[in-house]
Amino acid sequence: MLFNSIEFLLFLPIVFVLYWFVFNKKLKYQNLLILISSYVFYGWWDYRFLSLILLSTIVDFFIGLSIPNQDLEKQKLLLWCSVLFNLSVLGFFKYYNFFVDSWIDLFSSFGYVIKSVWTLNIILPVGISFYTFQTMSYTIDIYKGKLKPTKDFISFASFVSFFPQLVAGPIERASNLLPQILKKRVFKYEQGVQGLRLILWGMFKKVVIADSIAPLVNDIFGNYQELGGGTLWLGAIYFAFQIYCDFSGYSDIAIGTSKLFGFELMSNFKFPYFSRNIGEFWRRWHISLSTWFRDYLYIPLGGSQKGKWMSIRNIFIIFLVSGFWHGANWNFVFWGLFHSMLFLPTFIFNTNRKYTASIIAENTLLPKPKEIIQIGTTFIVVTIGWVFFRSDTLEDSFIFLYKMIFEFDINLSKASGLLYIIPLTTLDYMIRTNERNIIFTKNKLANNSLFILFIISIVLLFFKETSADFIYFQF
Amino acid sequence: MKRFVIKIIKYSIVVLILFEIVVRLFTLTNDVPQRDLDENGLQVFQKNQEGKSNGHKWKVNSSGFLGHDEVKGENQVLIIGDSFVENIMNPFECRQSSLLKKNGYDVFEIGRSGITFIESLEFYSKYKSEVNPKISIFIIDNSDFEESIQEINKLNDRVQISLKTSQLSLGKIKAKYIKKLLYNYKTLYYLYLKYLKSQKSIITTQSIKVNHSIKETSILVDKLIRVSNQNYDLNDCLFVFRGGNDYKELFNQLNLSFIELNLKGAEYTYSENDSHWSCKGHQIASETILEYIGLIRQ
């Protein structure tokens, strides 16, 4: 089920009413409702793949239960079983064909022609990259002694399949979400209102901005060979905003929906395009994934504790893996590599931890000129990176970039996307200090009017004749 | 919780009112004429309704249709057909009745979307003596025959004939009150239309599909045309096929006049998603018809 579908618009109020008015007597019933609703939500897309979530849930539930009672060696073995199981599932469904094809290409380059008999027609289960990471974090945290395993299977299954964030995150940690599932929720007015605001803001970003820019992006990237560099810049900028609005919109709806049910999910985006350097960008973009890699890959590899060169190696690895996580495609790998090249200099010169706590113009109306230049520069390099992400092949990416740099023609008829980007950036700037409670202005009437305007524009653009899936569903 | 629910209700009311204003102000939906049953149980539009469709004004005449309803005797023509004759999407001057009138004909036009072949014959039978046309023109398609036959596909809201019992069954106006609500409350209608479009659906009537082979279907249509020829006086009738006529041999055998328009391609159709004729399509259709009836007059 998509958030931007009529089915979800009916599904959400039904589950909300059942949750707070019918199943509210006991925590057990509420959790059971969450589990059933989550399976309905996922099964709406393809019920066959529910078995995969169930299997993953069962395996990690029992491994999680067994770990604390074993000696260290067996604990390690059990952990490896969990990690290998989850990575095998992910590897088979997401990367199997990629590896087979890459081997064939490699042999072909040496003159050996191999027939592609091993390539399978595999459907990528929606959200697999998200929920496998979530279940893995559970067993790893138990192994590290950070978390006690739960004996309540329904609660654990609800944690794995929690419908607001099941298919595209935020990738929740068991240590954050599971205790909330195990504790009785009480409806809070403020939390409910914040949730609704986030849902509307997320829907606005997805339905009004991302889906309206999408045809322009498709047009420019599809016909880049006939277009001038100026127009290609527009295409790259449009894609930067499309993917931001699409993905952060999804996260906002997920966080907002969770709030309606009394849950607080972690933030996934904190206005990344207002970042002053690439280090800040990565603390503000897809936070749940970058912190996952930090905690479960970078730190276990030694983090920054084993000297500069090892740290550089570790950073390089997490960017590469992060790119690969997005999909079985060399473009994503190169995108990760590109970002590691941007990040490493800031790490070497110790500027990557700059701006960890602040946001631009925190107590002023406008940022300083220096900050504007920093934001502009960061945005430009990030946008160049998106070209690798969006192009069909690496070759396309390089030609696209070459034209962006060396050709200057611009087709102004393609500039209409700016009409979406400018208001979006202005609105984003107005709420830059708090991504979890969307208040554009202290004037209540003006704020409410803006939300009413959002609703009207969402309704006007809600039904699409073409597919309007979320981009991150494919990951 | 009470406060939260009240807030949602308050917001919803404000949004619904504002959205209704937006939909009406920017004419985001077309007006659709509502229907009634006439004394014979045939569906006609409620008289004297007015509205706008795609920016063009329409008005239902005193006979319950959208076009000319002139009865003068000299050069009198009767035109009957479905949505192509109803032609709500084009300006009034693009109607077949307007185009024929320009060429000196007096025209009585019966156009209503969803009309079946047998229903158009029922209208013909009803108006023939009143209008007294020199020629009656039926603008049809092969599917109109099939939709007329209950044994092929039972459609509750269309006039059909059972070829087994030779009984006519009249079409019901379905969900009359829901339609009334949808047409008057524009927000709902707008959302309904957008939803249908997004689902790439078309408004279909509840039907019980009967699996018939092409051969069986042709046998049934053959019987329908023969029965119609016996029961209705089709001597002064011209059947204008929008596409090709799949039953040419039978028409020739029964001495029924027909022409084939075969108007295909974007230049004749209304839009990419609407295969009704544009003004240009109507113009070409009218010229072909005029050429034919001109020949008869000579």
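About the thresholds
- Residues numbered from 1 in each chain as written.
- Chains lettered and ligands numbered in written order.
- Predicted model: local features only at pLDDT ≥ 70, side-chain atom pairs only at ≥ 80, totals over all residues.
- Heavy atoms only, no water.
- Helix = DSSP H or I, 4+ residues; strand = E, 2+ residues; numbered from the N terminus.
- Rg over C-alpha atoms; globule rule 2.2 N^0.38 Å.
- Contact = heavy atoms within 4.5 Å.
- Areas by Shrake-Rupley, 256 points an atom, 1.4 Å probe, with all protein chains shown as cover.
- Lys, Arg positive; Asp, Glu negative; His and termini not counted.
- Charge placed at Lys NZ, Arg CZ, Asp CG, Glu CD.
- Buried < 20%, exposed > 50% of the residue type's maximum accessible area, 1.4 Å probe, protein only.
- Salt bridge = Lys/Arg side-chain N within 4 Å of Asp/Glu carboxyl O.
- Axes fitted to C-alpha atoms, helices over the stretch in contact; angles between N-to-C directions.
- Parallel < 35°, antiparallel > 145°, perpendicular 65-115°, else oblique.
- Left-handed = near helix turned anticlockwise from the far one by under 90°.
- Pairing = 2+ DSSP bridges.
- Polar contact = N/O pair within 3.5 Å; in protein donor to acceptor, adjacent residues only side chain to side chain.
- Nonpolar A, V, L, I, M, F, W, Y, C, P; charged D, E, K, R; others polar.
- Buried area = accessible area lost by both parts, 1.4 Å probe.
- Core = buried A, V, L, I, M, F, W, Y, C linked by side-chain atoms within 4.5 Å.
- Phe/Tyr/Trp six-rings, centres within 6.5 Å; stacked < 30°, edge-to-face > 60°.
- Lys NZ or Arg CZ within 6 Å of the ring centre and 35° of its normal.
- pLDDT = per-residue confidence, 0-100.

In terms of helices and strands, chain A carries 17 helices and 0 strands. Compactness check: chain A gives a C-alpha radius of gyration of 23 Å against a globular reference of 23 Å for 475 residues, within 12% of the reference. Across its three principal directions, the C-alpha atoms of chain A cover 70 × 65 × 45 Å. Long-range contacts, defined as pairs at least 24 residues apart, comprise 77% of the intrachain contacts of chain A with a sequence gap of at least 6. As displayed, chain A offers around 21100 Å² of accessible surface, 67% of which is attributable to carbon and sulfur atoms. Here chain A contributes 41 positive and 30 negative side-chain charges, whose respective centroids are spaced 12 Å apart.

If you tally the helices and strands in chain B, you get 10 helices and 15 strands. Taking 298 residues into account, the globule formula puts the C-alpha radius of gyration at 19 Å, and chain B, at 21 Å, falls close to it. Per-residue burial for chain B yields a buried fraction of 48% across its 298 residues. Partitioning the contacts of chain B with sequence separation of at least 6, the portion at a separation of at least 24 is 63%. In the form shown here, chain B has an accessible surface area of approximately 15500 Å², with 51% of it arising from carbon and sulfur atoms.

Let us look at the pattern of salt bridges. Going through the model one piece at a time under the given rule, you end up with 26 salt bridges over all chains. Close ionic contact of arginine 276 of chain A with glutamate 280 of chain A constitutes a salt bridge, the shortest N to O distance being 3.0 Å. For glutamate 280 of chain A, a relative accessible area of 0% puts it in the buried group. Between aspartate 82 of chain B and arginine 242 of chain B there is a salt bridge whose closest N-O contact spans 3.0 Å. Taken as a pair, aspartate 82 of chain B in the loop between strand E5 (76-81) and helix H2 (83-86) and arginine 242 of chain B in the loop between strand E12 (237-241) and helix H9 (248-253) lie far apart in primary sequence, 160 residues in all. Across the pair, exposure class does not vary: aspartate 82 of chain B and arginine 242 of chain B are buried alike. Within the structure, one salt-bridge network assembled from shared partners comprises Arg276, Glu280, Arg284 and Glu371 of chain A.

This part takes up the packing of helix H13 (residues 330-348) of chain A against helix H14 (residues 369-390) of chain A. Residue and element names in this part refer to chain A. At a closest axis distance of 8 Å, the pairing of H13 and H14 adopts a crossing angle of 160°. One finds that H13 runs roughly antiparallel with respect to H14. Classified by chirality, the crossing of H14 by H13 is right-handed. Contacts between H13 and H14 involve Asn331, Phe332, Phe334, Trp335, Phe338, His339 and Leu342 from the first element and Val381, Val382, Ile384, Gly385, Trp386, Phe388 and Phe389 from the second.

Now for the sheet that holds E5 of chain B. Residues and elements named next belong to chain B. If you trace the 5 strands from one edge of the open sheet to the other, you get E6-E5-E7-E12-E13, paired in parallel fashion. Both outer strands of the open sheet, strand E6 (106-111) and strand E13 (257-260), are each paired with one neighbouring strand and no more. Each strand axis lies, on average, 20° off the axis of its neighbour in the sheet, ignoring direction. Direction of pairing for E12 relative to E13: parallel, over a ladder of 4 bridges.

All right, on to the side chain of glutamate 371 of chain A then. All names here are of chain A. One can find glutamate 371 in helix H14. Only 3.2 Å separates the side chain of glutamate 371 from the side chain of arginine 276, close enough to count as a polar contact. Apart from residues no more than four positions distant in its own chain, glutamate 371 is found in contact with Arg276, Ile360 and Ala361.

For the rest of this paragraph, the subject is the packing of helix H5 (residues 128-143) of chain A against helix H7 (residues 174-182) of chain A. Residues and elements named next belong to chain A. The geometry of H5 relative to H7 is characterised by a closest axis approach of 10 Å and an angle of 95° between their N-to-C directions. The angle between H5 and H7 places the two elements in the roughly perpendicular class. Every residue of H7 that contacts H5 at Gln134, Ser137, Tyr138 and Asp141 is listed here: Ala174, Ser175, Leu177 and Leu178. Along the lines of polarity and charge, the residues of the contact of H5 with H7 split into 4 nonpolar, 3 polar and 1 charged.

All right, on to the interface of chain B and chain A then. The parts lose accessible area when they come together, and the size of an interface is often stated as this lost area. Contact residues are listed per partner, giving 20 residues for chain B and 19 residues for chain A. When chain B packs against chain A, close to 2000 Å² is buried across both sides, 75% of that on carbon and sulfur atoms. Considering only the side of chain B, the residues that lose the most area to chain A are Met1, Phe4 and Tyr11 of chain B, jointly responsible for 32% of the buried surface there. The tally of links between chain B and chain A comes to 0 salt bridges. Viewed at the interface, chain A and chain B are joined by 2 residue pairs in polar contact (both at pLDDT 80 or more). Examining the composition of the side of chain B that touches chain A, we find that 10 residues originate from one element, helix H1 (residues 2-25) of chain B, more than from any other.

Tyr273 and Trp386 of chain A are the most contacted members of the largest nonpolar core, which totals 144 residues. Excluding anything up to four places from it in sequence, tyrosine 273 of chain A contacts Ala240, Phe241, Ile243, Tyr244, Phe281, Trp285, Ile375, Phe379, Val382 and Trp386 of chain A.

Turning next to the environment of serine 257 of chain B. Residue and element names in this part refer to chain B. For serine 257, the position within the fold is in strand E13. Taking the relative accessible area as the measure of exposure, serine 257 reaches 23% and is therefore partly exposed. Sequence separation between serine 257 and isoleucine 214 is 43 residues, and the spatial gap between their C-alpha atoms is 24 Å. Those residues in contact with serine 257 that lie beyond four places of it in its chain are Cys237, Leu238, Phe239 and Tyr292.

So, about the packing of aromatic side chains. For any pair of aromatic rings, the description consists of the separation of the ring centres together with the inter-plane angle of the planes. All chains considered together, the criterion is met by 90 aromatic pairs over all chains. It is lysine 308 of chain A that lies over the ring of phenylalanine 347 of chain A; its NZ or CZ is 4.7 Å from the centre. The ring of tyrosine 189 of chain A carries arginine 3 of chain B above its face, with NZ or CZ at 3.7 Å from the centroid.

This part takes up the pairing of E6 of chain B. Residues and elements named next belong to chain B. Counting buried residues along E6, 6 of its 6 residues qualify, which places the element largely inside the surrounding structure. Because side chains alternate across E6, one face comprises the buried residues Asp106, Phe108 and Ile110, and the other comprises Val107, Glu109 and Gly111, equally buried. Sheet topology note: the E5/E6 ladder contains 6 bridges and is parallel. Across the sheet, isoleucine 80 pairs through a bridge with isoleucine 110, a residue of E6.

Turning our eyes to something else, we now look at unusual backbone geometry. All names here are of chain B. The phi angle at threonine 27 is positive, at roughly 45°, despite the residue not being glycine. For threonine 27, the position within the fold is in the loop between H1 and strand E1 (35-37). With relative accessibility at 49%, the residue threonine 27 sits in the partly exposed group. Of note in the backbone geometry, asparagine 255 takes a positive phi value of approximately 60° without being a glycine.

All names here are of chain B. Residues with a pLDDT of 70 or more make up 93% of chain B, whose mean pLDDT is 86. Residue range residues 201-208 is modelled with pLDDT below 50. Its contacts to residues more than four positions away, or to other chains, number 15 contacts. Taken over the whole predicted complex, pTM reads 0.79, whereas the ipTM for its chain interfaces reads 0.76.

An α-helical segment advances 3.6 residues per turn. Residues three or four places apart therefore align on the same side. All names here are of chain A. Of all 12 residues in helix H11 (residues 287-298), 10 are buried; the element is thus mostly enclosed. Listed as buried for H11 are Ile287, Ser288, Leu289, Ser290, Thr291, Trp292, Phe293, Asp295, Tyr296 and Tyr298. Buried-residue contacts for H11 involve H5, helix H10 (278-284), helix H12 (308-326) and H13.

For the rest of this paragraph, the subject is the side chain of serine 158 of chain A. All names here are of chain A. Along the chain, serine 158 turns up in helix H6 (residues 153-161). Its relative accessible area of 0% is what places serine 158 among the buried residues. A distance of 2.7 Å separates a polar side-chain atom of serine 158 from the backbone oxygen of isoleucine 154. Look past the residues within four positions of serine 158 in its chain and what remains in contact with it is Asn31, Ile34, Leu35 and Ile181.

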